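Each chain, written out:
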Amino acid sequence: MTVMEQRGAYRPSPPPAWQPRMAPAPLLPDAEPYRVLGTEAAVKADPGLLRRLYAELVRGRRYNAQATALTKQGRLAVYPSSTGQEACEVAAALALQERDWLFPSYRDTLAAVARGVDPVEALTLLRGDWHTGYDPYEHRVAPLCTPLATQLPHAVGLAHAARLKGDDVVALAMVGDGGTSEGDFHEALNFAAVWQAPVVFLVQNNGFAISVPLAKQTAAPSLAHKAVGYGMPGRLVDGNDAAAVHEVVADAVRHARAGGGPTLIEAITYRIDAHTNADDATRYRGDSEVETWRGHDPIALLEHELTERGLLDEDTKRTARDAAEAMAADLRERMNQDPALDPMDLFTHVYAEPTPQLREQQAQLRAELDAEHGHQEGAHR
Amino acid sequence: MTTVAVKPATMAQALTRALRDAMAADPSVHVMGEDVGTLGGVFRVTDGLAKEFGEDRCTDTPLAEAGILGTAVGMAMYGMRPVVEMQFDAFAYPAFEQLISHVSRMRNRTRGKMPLPITVRVPYGGGIGGVEHHSDSSEAYYMATPGLHVVTPATVADAYGLLRAAIASDDPVVFLEPKRLYWSKDSWNPDDPQSVEPIGRAVVRRSGRSATLITYGPSVPVCLEAAEAARDEGWDLEVVDLRSLVPFDDETVAASVRRTGRAVVVHESGGFGGPGGEIAARVTERCFHHLEAPVLRVAGFDLPYPPPMLERHHLPGVDRILDAVGRLQWEAES
Ligand SMILES: Cc1ncc(C[n+]2csc(CCOP(=O)(O)OP(=O)(O)O)c2C)c(N)n1
């Protein structure tokens, strides 16, 4: 019997009823970025927390300046400054508990330092003496990640594993606006939502991916809107308002810890410096735009609020500045020492046990080094 | 001495058994991938695991290879031993970014602090009449990535032993499963499957005196067949099954070639830039004075894997191997 002959037997029925799996409305972000500083909400903020944020912001700004200076002295191969974005870096990191994990992107040195990573070790990647300078398990900070967005699925896997083991650990994964276009961003969000993994995704939308503005990156109304399609809540926050970032991230962390699943947060901020010290930002943006954002500076915003409320006297300010200076001096001094590198380390951590092939190459380098050494000694004699 | 009844089992069954035993032995072993749960994988290698160990330990993931491997990285960071299945060889390509940028180098970049014990199971190779993207041999890509072990069994016993060893390894292992051998049987004893082969040793599958066939995975049975056929022409061929491409067992290979003085490398993947070039070079470097002829290669052609109706012309078969063996009668003037 042919298909044509069967035709008469088939009676089309109306299509089965369709309903969305959940109402999209509660997942939609607010129309305006959430703000605390300068609003009613500020009254409820914990003064101790605000002061701590202030001290960390001041230290972070100084860190950015010092690291940038170190590139000029050739002590760092490159530095992607987060000047202007310190509120996101610091407030997000401080919203985590000690047992939680941070998955930073390459710009997020300050977040790593805010979690306790040694300021020098946090720069190892950028200095070039090794790829990762710190033990990721010590402060639960994954290695600074240079391929964009690829650390996001790691955060999902780790958070998922922790949950399977019965640990109430949350992972905070940071990514830039450009990174949201990568496939790994999509896959990570989708996995997190399907698995209800305790992950908080924080997009620092600083306006540019190197030179490419957000409008050329996405046609979405906001990056926070992307959450809806995955079935997770999206939040929009003023990324220069440290109190707001802290509150929104802390909320999402609590929600995740309680089993509520992931959240996507978009923090609206701005990169005041160029992409890195090697970038010429004048080719893609005008001074007036930068100046406008300088008027919305995260440190000034917080300082203003604290001063208005009588929470910041000259002493506290000076203490914060002095601590930042001390950190910078220590960073400068330790970064000005030449790292002692052992070339034989090249072979130490490729595999748990070197392959026979690596053993041969190790012996080759050993011989070369011995010859070089003997040669130098001979020359000195 | 008790004699154990040796039942024939398929390679797929041995792999299933290896996964099951590994999961039973170690609660941190997690199997994940597309369709690995309820269905048991499109080749049924994960059959029954979700039922026995629960969906949290044998997980049907969303359809996203980078996501599968990327989340496995995070799970391994938290102390688990993920075993991920890539449904078919060419569908592993979306996961290359994770494999190359993270899986292979996390130990190195963290100076040994963060090793990733991940096993990536990749059904690979042709000969099953698959349509495009279902027959690739991608081992050269994996071999070219430092930090990965690359392993491929050719027998049922090795499928079990090597997979157990891969899962137990503290380093990432790309475990290449020759899919056309999934249904092959040999006398492995499923009731007593203890043998766990260390990764990195080749084995002489057939000893002979006049030349060595160096091969692995799906080409091993073909080479054994060729060796039988070559007897009629007076060739006594030795067949070396590499089992592990990384690390590479130079010793076993070189010892064989020094004995025989002649060698042919046989594999399905393309010859240009393929594993055979590396192997031939290594053999030449080690055995130059023992060689009576150049090391030859019998490989797939250098083309995208052909459509199923033409694949038999592409795959190295007995005749092409015998032809190469004939060419080992190297004449000085040629
Ligand atoms: C996969 C990948 N492609 C390209 C690059 C090169 N790259 C480094 S930073 C960058 C822009 C990133 O922009 P964004 O995600 O917005 O982060 P931001 O620099 O603003 O912090 C690019 C293209 C990279 N690191 N990784």
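Just so we're clear, the structure is a prediction, and the values are computed from it rather than from any experiment.

**Q** Where do I start with the overall build of chain A in this structure?
**A** Within chain A one finds 14 helices and seven strands. Taken along the three principal axes of its C-alpha coordinates, chain A extends 105 × 70 × 50 Å. With 381 residues in all, chain A has 51% of them scored as buried. Pairs at least 24 residues apart make up 76% of the contacts formed inside chain A by residues separated by at least 6 positions. Accessible area for chain A stands at about 17,800 Å²; split by element, carbon and sulfur atoms hold 52% of it.

**Q** What is the right way to look at the nonpolar core in this model?
**A** Here is a general trend for soluble globular proteins: nonpolar side chains tend to be buried in one another's company. Counting 88 residues, the largest nonpolar core has A:Phe201, B:Leu69, B:Tyr142 and B:Leu242 as the members making the most contacts within it. Among residues more than four places away in sequence, those in contact with A:Phe201 are A:Leu152, A:Val156, A:Ala173, A:Ala188, A:Leu189, A:Ala192, A:Met232, A:Pro262, A:Thr263, A:Leu264 and A:Ile265. Within the second largest apolar cluster, 67 residues are counted, among which are A:Ala42, A:Leu50, A:Ala111 and A:Met327.

**Q** I would appreciate a short explanation of empty space enclosed by the protein in the present structure.
**A** Remark: the empty space left among the atoms is shown by a probe the size of a water molecule rolled over them. Applying the stated criterion to the full structure yields eight cavities of 30 Å³ or more. Within this model, the largest cavity holds a volume of roughly 60 Å³. Secondary-structure elements contributing two or more residues to the lining of the largest cavity are α2 (47-72) and α4 (109-114) of chain A. A total of four residues in the lining of the largest cavity trace back to one element, the largest contributor, which is α2(A). Among the residues forming the lining of the largest cavity, the class breakdown is six nonpolar, one polar and two charged. When its volume is computed, the second largest cavity comes out at roughly 40 Å³. Around the second largest cavity, the lining residues are A:Ala142, A:Pro143, A:Leu144, A:Cys145, A:Gln151, A:His154, B:Met77, B:His102, B:Met106 and B:Arg109. Secondary structure elements with two or more residues in the lining of the second largest cavity: α7 (151-164) of chain A together with α5 (106-109) of chain B. Of the residues that constitute the lining of the second largest cavity, the class distribution is six nonpolar, three polar and one charged.

**Q** Please explain the UniProt feature "domain: Transketolase-like pyrimidine-binding" (unreviewed entry) in chain B as it appears in this structure.
**A** Residues given the UniProt feature "domain: Transketolase-like pyrimidine-binding" (unreviewed entry) here are residues 9-184 of chain B. With 36% helix and 17% strand, the stretch residues 9-184 of chain B has end C-alpha atoms that lie 8 Å from each other.

**Q** Even after reading the chapter, I still don't get the site of the ligand, so can you show me in this structure?
**A** Residue and element names in this part refer to chain A. The environment of the ligand is made up of 15 residues, and the closest members are Tyr106, Arg107, Gly178, Gly179 and Asn206. At a separation of 2.9 Å, an oxygen atom of the ligand approaches a polar backbone atom of Phe208. Look at the ligand: alone it shows 590 Å² of surface, and the protein chains cover 72% of it. Of the residues that constitute the shell around the ligand, the class distribution is six nonpolar, six polar and three charged.

**Q** How should I be thinking about the environment of A:Ala193 in this particular structure?
**A** Residues and elements named next belong to chain A. Among the secondary structure elements, Ala193 is positioned in helix α8 (residues 183-195). For Ala193, a relative accessible area of 11% corresponds to the buried category. Excluding residues that lie within four positions of it along the chain, Ala193 makes contacts with Tyr230, Met232 and Pro262.

**Q** In this structure, what is going on with the pairing of strand β7 (residues 263-268) of chain A? I would like to understand it.
**A** Across a regular strand the side chains alternate sides, sitting on one face of the sheet and then on the other. Residues and elements named next belong to chain A. Burial analysis of β7 places five of its six residues in the buried class, the great majority of the element. Looking at chain direction, strand β6 (residues 234-238) and β7 are connected through five bridges and run parallel. Bridging across to β7, Leu236 finds its partner in Glu266. Following the backbone out of β6, through helix α10 (residues 242-257) and into the adjacent parallel β7, one traces a crossover that is right-handed.

**Q** I'm lost on the environment of A:Thr39 in this one. Help?
**A** All names here are of chain A. Among the secondary structure elements, Thr39 is positioned in the loop between α1 (3-6) and α2. For the pair Thr39 and Val228, spaced 189 residues apart in sequence, the C-alpha to C-alpha distance is 28 Å. A polar contact is formed between the side chain of Thr39 and the backbone oxygen of Val36, at a distance of 2.7 Å. Separated by 3.1 Å, the side chain of Thr39 and the backbone nitrogen of Ala41 make a polar contact.

**Q** What am I meant to see in the layout of surface pockets here?
**A** Residue and element names in this part refer to chain B. Estimates place the volume of the largest pocket at around 450 Å³. Secondary-structure elements contributing two or more residues to the lining of the largest pocket are α6 (139-143) and β13 (263-270). Top contributing element to the lining of the largest pocket by residue count: β13, with three residues. In terms of residue class, the lining of the largest pocket is made up of eleven nonpolar, eleven polar and four charged. Both domain 1 (9-187) and domain 2 (203-327) contribute no fewer than three residues apiece to the lining of the largest pocket.

**Q** Would you take a moment to explain a negative patch on the surface for this structure?
**A** On the surface, B:Asp35, B:Glu55, B:Asp56 and B:Asp60 cluster together into a negatively charged patch. Position of B:Asp35 relative to the elements: it lies in the loop between β2 (29-33) and α2 (49-53).

**Q** It is not clear to me how the interface of chain B and chain A should be interpreted in this structure. Could you clarify?
**A** The extent of an interface is frequently quoted as the accessible surface area lost upon association of the parts. Facing the 44 residues of chain B at the interface are 43 residues of chain A. Both faces considered, chain B and chain A share a buried interface measuring about 3,600 Å² in area, 63% of it formed by carbon and sulfur atoms. Applying the counting rule to chain B against chain A returns two salt bridges. A salt bridge links B:Arg111 to A:Asp345; the shortest N-O distance between them is 3.2 Å. Of all the secondary structure elements, the ones that give two or more residues to the side of chain B that touches chain A are β2, α3 (65-77), α4 (96-103), α5 and α10 (275-287) of chain B. If one sorts the elements of the side of chain B that touches chain A by residue count, α3(B) sits on top with ten residues. Residues belonging to the side of chain B that touches chain A are distributed by class as follows: 17 nonpolar, 16 polar and eleven charged.

**Q** Help me understand the packing of aromatic side chains in this model?
**A** Two aromatic rings, taken as a pair, are described by how far apart their centres are and by the angle between their planes. Residue and element names in this part refer to chain A. Overall, the coordinates contain 15 aromatic pairs over all chains when judged by the stated rule. Judged by centre distance (5.1 Å) and plane angle (85°), the ring pair of Phe191 and Trp195 falls under edge-to-face. Taken as a pair, Phe191 and Trp195 lie in helix α8 at a separation of four residues, close to a single helical turn. Of the two residues, Phe191 and Trp195, both sit in the buried class. Taking 6.3 Å as the distance between ring centres and 75° as the angle between the ring planes, the aromatic pair formed by Phe208 and Tyr270 counts as edge-to-face. Separated by 62 residues along the polypeptide, Phe208 in strand β4 (residues 208-209) and Tyr270 in the loop between β7 and α11 (287-294) bring together distant segments of the chain.

**Q** I keep staring at the packing of α7(A) against α8(A) and nothing clicks. Help me out?
**A** Working note: a packed helix pair is described by the angle between its axes plus the distance between those axes. Residue and element names in this part refer to chain A. For the pair α7 and α8, the least separation of the axes is 8 Å and the interaxial angle reads 20°. Considering their axes alone, α7 and α8 lie roughly parallel with respect to each other. Handedness of the α7/α8 crossing: left-handed. Along the contact surface, α7 presents Leu152, Pro153, Val156, His160 and Arg163, while α8 presents Asp184, Phe185, Ala188, Phe191, Ala192 and Trp195. Its residues assigned to classes, the contact of α7 with α8 shows eight nonpolar, one polar and two charged.

**Q** Would you take a moment to explain the environment of B:Glu278 for this structure?
**A** Residues and elements named next belong to chain B. One can find Glu278 in helix α10. Through-space distance from the C-alpha of Glu278 to that of Met143 is 9.9 Å; in sequence the pair is 135 residues apart. There is a polar contact of 2.8 Å between the side chain of Glu278 and the side chain of Arg282.

Parameters at a glance
Here the residue index of a chain counts from 1 through its sequence in written order. Naming scheme: in the order in which they are written, chains are lettered from A and ligands are numbered from 1. Given that the model is predicted, a residue must reach a pLDDT of at least 70 before its local features are reported, and side-chain atom pairs must reach 80 or more before they are shown or counted; all residues, however, enter totals for whole chains, interfaces and linings. Hydrogens and water molecules were not included; the side-chain quantities draw on all heavy atoms of the structure. The numbering of helices and of strands both runs from the N terminus, where a helix is a DSSP run of H or I of at least 4 residues and a strand a run of E of at least 2. Any residue under 20% of the maximum accessible area for its type is buried, any over 50% is exposed, and the rest in between are partly exposed; the area is computed with a 1.4 Å probe on protein chains only. Whether two residues are in contact is decided by their heavy atoms, any of which lying within 4.5 Å being enough. Areas reported as accessible are Shrake-Rupley estimates using a 1.4 Å probe. Residue values count occlusion only from the protein chains shown. Take the buried residues of types Ala, Val, Leu, Ile, Met, Phe, Trp, Tyr and Cys, join any two whose side-chain atoms come within 4.5 Å, and each joined set is a nonpolar core. Buried and open spaces are told apart on a 1 Å grid over the protein atoms alone, a cavity being a set of points where a 1.4 Å probe fits but cannot get out and a pocket being an open set with protein on both sides within 12 Å along at least five of seven lines. Residues with an atom within 4 Å of a point are the lining residues. Grid points are joined across faces, edges and corners, and a volume is the space filled by probe spheres set on the points. Side-chain classes follow a simple rule in which Ala, Val, Leu, Ile, Met, Phe, Trp, Tyr, Cys and Pro form the nonpolar group, Asp, Glu, Lys and Arg form the charged group, and the remainder, Gly included, forms the polar group. UniProt positions are given in the numbering used here, feature names are shortened, and annotations may be inferred rather than shown by experiment. Definition of nearness: a residue and a molecule or strand are near each other if at least one heavy atom of the residue lies within 4 Å of the molecule or strand. A 3.5 Å cut-off defines polar contacts: any pair of N or O atoms within that distance qualifies, except that in protein one atom must be a possible hydrogen donor and the other a possible acceptor, and neighbouring residues in sequence count only when both atoms are side-chain atoms. Two strands are said to pair when DSSP picks up at least two bridges between them. By convention, orient the strands away from the viewer: a clockwise path from the first strand over the helix to the second makes the crossover right-handed. The source of the domain bounds is an automatic or database domain assignment. Surface patches are drawn from residues lacking salt bridges whose relative accessible area is over 30%; two like charges belong together within 9 Å, two nonpolar side chains (Val, Leu, Ile, Met, Phe, Trp, Tyr) within 5 Å. Here, a salt bridge means any side-chain nitrogen of Lys or Arg that lies within 4 Å of a carboxyl oxygen of Asp or Glu. Residues scored as charged are limited to Lys and Arg (positive) and Asp and Glu (negative), so that His and the chain ends carry no count. Note on charges: their place is set at NZ of Lys, CZ of Arg, CG of Asp or CD of Glu. Summed over both partners, buried area is the accessible surface (1.4 Å probe) that two parts give up on being assembled. Aromatic rings from Phe, Tyr and Trp, with only the six-membered ring used for Trp, were paired whenever their centres fell within 6.5 Å, and each pair was classed as stacked if the ring planes differed by under 30 degrees, edge-to-face if by over 60, and tilted otherwise. Axis definition: a line fitted to C-alpha atoms, limited for helices to the stretch in contact. Angles are taken between N-to-C directions and run from 0 to 180 degrees. Comment on the angle field: the value is read as roughly parallel under 35 degrees, roughly antiparallel over 145, roughly perpendicular from 65 to 115, and oblique elsewhere. It is the rotation of the near helix from the far one that decides the hand of a crossing: anticlockwise by less than a right angle makes it left-handed, clockwise makes it right-handed.

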